[in-house]
Amino acid sequence: MRIKVKIKILINRINKNIYRLSALIRRISKNRINPKFYADMITMKINRIIKNEFIPNPKEHLYIEVSNICNLRCRFCAYSKSLKNKKLIMSNEMFYNVINKATLFGYDTFGLTPIVGEVFIDKDFIEKIKFLENHPKVKNYSFFTNFTLANEQIINELIKTEKLKELYISLYGHDLETFLNITNGNKKVYNDLIKNLNYLLKKCGSINFTLSFGLRTTRSSFKSLEKCESDVCKVVRDIITITKSHIQILKSFNTWGGMITQNDVKGVDMLIRDSSQIYKNGACSLIFYKNQVMVDGVINACACRDINATLKIGDLNIQSFEDIYTNRNIDYINLIQDQQQGKFNSICTSCDFYRSIYKDYFVYDKYKKKQMSLKKFYQYLYLIKK
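Residues numbered from 1 in each chain as written. Predicted model: local features only at pLDDT ≥ 70, side-chain atom pairs only at ≥ 80, totals over all residues. Heavy atoms only, no water.

1. So, the pairing of strand E5 (residues 210-216)
Part 1 of the reasoning: E5 sits mainly inside the fold: 6 of its 7 residues count as buried.
Part 2 of the reasoning: Relative to E5, strand E4 (residues 164-172) is paired through 7 bridges, and the arrangement is parallel. Bridge pairing in E5 places Tyr-168 opposite Ser-212.
Part 3 of the reasoning: Relative to strand E6 (residues 246-250), E5 runs parallel, the two sharing 5 bridges. Bridge pairing links Gly-214 to Gln-248 in E6.
Part 4 of the reasoning: The handedness of the E5 to E6 crossover, carried by helix H8 (residues 231-243), is right-handed. (Buried < 20%, exposed > 50% of the residue type's maximum accessible area, 1.4 Å probe, protein only. Helix = DSSP H or I, 4+ residues; strand = E, 2+ residues; numbered from the N terminus. Pairing = 2+ DSSP bridges. Right-handed = clockwise from strand over helix to strand, strands pointing away.)

Given below as structure tokens:
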């Protein structure tokens, strides 16, 4: 047994070095050479042979979609492809009920980011946050926002929170021109964003949660945050200086499971990545630990890119968590087994957000709960409601 553990530790080190070397080659070659496909192939095949599996704990967190409505129409986002879907905001009553049932089931950490949608569309969002703040079994929660619909009152309420773990502000475009081109928004919305960021700057000294930024912008017209002199760059730069916040700058984007193509961002100088360059081996880890309660109560196995809930594994309107997370849930078991056999549905086949259970991703380092093997996960399902 000790020898097996030592072999796994050695393989894990080799895997991480392979990944680092792959990333270094990509940077040096400016992405002209991309060995990641082959690096992943080697890593995943070795791990599968020795049954070295990396499944984050299924109770790591639960995502809840408070709204599937957004006030922007970003060119690289699949929201514009979902406009025929019924648009809803989760009622407070339903939200409270989901939280109560989830905490009784063992969840204590929640993500409130919709797959597509903006949290502050929900006029009762702050009331939902207050419920989480006062709930004895809720440890923390996080969410993304485009921050255009915030205001001074909302920001003041966020500052007062004690359980908000991370607020991630997504910025679209690095100036007015790129904001308008990317979001199909208008100048008023842009000015509202600047106003909100400036007020947040004034309140920086009182922030007790992690503040992060994600800048999605064009390739040629943006060089760096330091060299950008637009209103949005200046205020974000000032906030980062005070709060030591992290900012992620993205100029290439995924396909949203094949829904977004290069034609959708034509004339905006943004790159949609080729999902065919993603090597897949084994089930995606997201279906084990990153599930989402959709705005209508359906539980979808993926909280990232499946906007139409094609990976539905249950419905809280007619089932309990115990009914859904059990080895008797044929829909869930079949989903796992199909992916293990390389049978991915159309969304998953075209998705480059894929994380194999046969690779240890750096993002897992921040998770606190113990990881599982596939065997342990099945045992976990077997013991529920037994």
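2. Side note on the pattern of salt bridges
One side chain can pair with another of opposite charge once the charged atoms of both are near each other.
Part 1 of the reasoning: Scanning the model with the defined rule gives 10 salt bridges in all.
Part 2 of the reasoning: Residue Asp-108 pairs with Lys-369 through a salt bridge whose shortest N-O separation is 3.2 Å. Note that Asp-108 is positioned in the loop between helix H3 (92-105) and strand E2 (109-111) and Lys-369 in the loop between helix H12 (346-349) and helix H13 (374-383), a separation of 261 residues in sequence.
Part 3 of the reasoning: With a relative accessible area of 19%, Asp-108 lands in the buried category. (Salt bridge = Lys/Arg side-chain N within 4 Å of Asp/Glu carboxyl O.)

3. A few points about unusual backbone geometry
Part 1 of the reasoning: One non-glycine residue, Lys-244, adopts positive backbone phi at about 60°.
Part 2 of the reasoning: With respect to the helices, strands and loops of the structure, Lys-244 is situated in the loop between H8 and E6.
Part 3 of the reasoning: Residue classification places Lys-244 among the exposed residues on the basis of a relative accessible area of 68%.
Part 4 of the reasoning: In this model, Asp-269 sits at a positive phi of 60°, which is unusual for a non-glycine residue.
Part 5 of the reasoning: Following the sequence through the fold, Asp-269 ends up in the loop between strand E7 (252-253) and strand E8 (271-272).

4. Here we look at the sheet that holds strand E1 (residues 62-64)
Part 1 of the reasoning: What the 9 strands build is an open sheet, ordered E6-E5-E4-E3-E2-E1-E9-E10-E11; its pairing is mixed. Unpaired on one side and paired on the other, E6 and strand E11 (312-315) mark the two borders of the sheet.
Part 2 of the reasoning: In this structure, E1 lies alongside E2, joined through 2 bridges in parallel fashion. From the neighbouring strand, Leu-62 faces E2, where its bridge partner is Phe-110.
Part 3 of the reasoning: H3 contacts E1, E2 and strand E9 (292-293) of the sheet and is inclined by roughly 175° relative to E1. (Contact = heavy atoms within 4.5 Å. Axes fitted to C-alpha atoms, helices over the stretch in contact; angles between N-to-C directions.)

5. Description of the side chain of Asn-57
Part 1 of the reasoning: Counting through the fold element by element, Asn-57 comes out in the loop between helix H2 (36-49) and E1.
Part 2 of the reasoning: Side-chain polar atoms of Asn-57 contact the backbone nitrogen of Lys-59, separated by 2.9 Å.
Part 3 of the reasoning: Only 3.0 Å separates the side chain of Asn-57 from the backbone oxygen of Lys-370, close enough to count as a polar contact.
Part 4 of the reasoning: Non-local contacts of Asn-57, meaning those with residues more than four positions away in its chain, are made with Tyr-289, Lys-369, Lys-370, Gln-371 and Met-372. (Polar contact = N/O pair within 3.5 Å; in protein donor to acceptor, adjacent residues only side chain to side chain.)

6. Quick word on a nonpolar patch on the surface
Part 1 of the reasoning: Taken together, the side chains of Leu-21, Leu-24, Ile-25 and Ile-28 present a nonpolar region at the surface, about 360 Å² in accessible area.
Part 2 of the reasoning: Turning to its location among the elements, Ile-28 is positioned in helix H1 (residues 2-28).
Part 3 of the reasoning: Overall, the relative accessible area of 64% leaves Ile-28 in the exposed class. (Patch = residues over 30% accessible without salt bridge, like charges linked within 9 Å, V, L, I, M, F, W, Y side chains within 5 Å. Areas by Shrake-Rupley, 256 points an atom, 1.4 Å probe, with all protein chains shown as cover.)

7. Section: the state of the cysteines
Part 1 of the reasoning: Tallied over the full model, the rule gives 1 disulfide.
Part 2 of the reasoning: Between Cys-228 and Cys-233 runs a disulfide, and the two sulfur atoms are separated by 2.3 Å. One quick way to see it: the torsion about the S-S bond of Cys-228 and Cys-233 is about 80°, and its sign makes the bridge right-handed.
Part 3 of the reasoning: Residue class for Cys-228 comes out buried when judged on its relative accessible area of 8%.
Part 4 of the reasoning: Its sulfur unpaired, Cys-302 is 4.6 Å from the next cysteine sulfur, which belongs to Cys-304.
Part 5 of the reasoning: A relative accessible area of 10% means that Cys-302 is categorised as buried. (Disulfide = S-S within 2.5 Å.)

8. Structural notes on a positive patch on the surface
Part 1 of the reasoning: Taken together, Lys-51, Lys-370, Lys-375 and Lys-376 make up a surface patch of like positive charges.
Part 2 of the reasoning: Checked against the element boundaries, Lys-375 lands in helix H13.
Part 3 of the reasoning: Residue class for Lys-375 comes out exposed when judged on its relative accessible area of 62%. (Lys, Arg positive; Asp, Glu negative; His and termini not counted. Charge placed at Lys NZ, Arg CZ, Asp CG, Glu CD.)

By themselves, these figures tell us nothing about what the structure is for.
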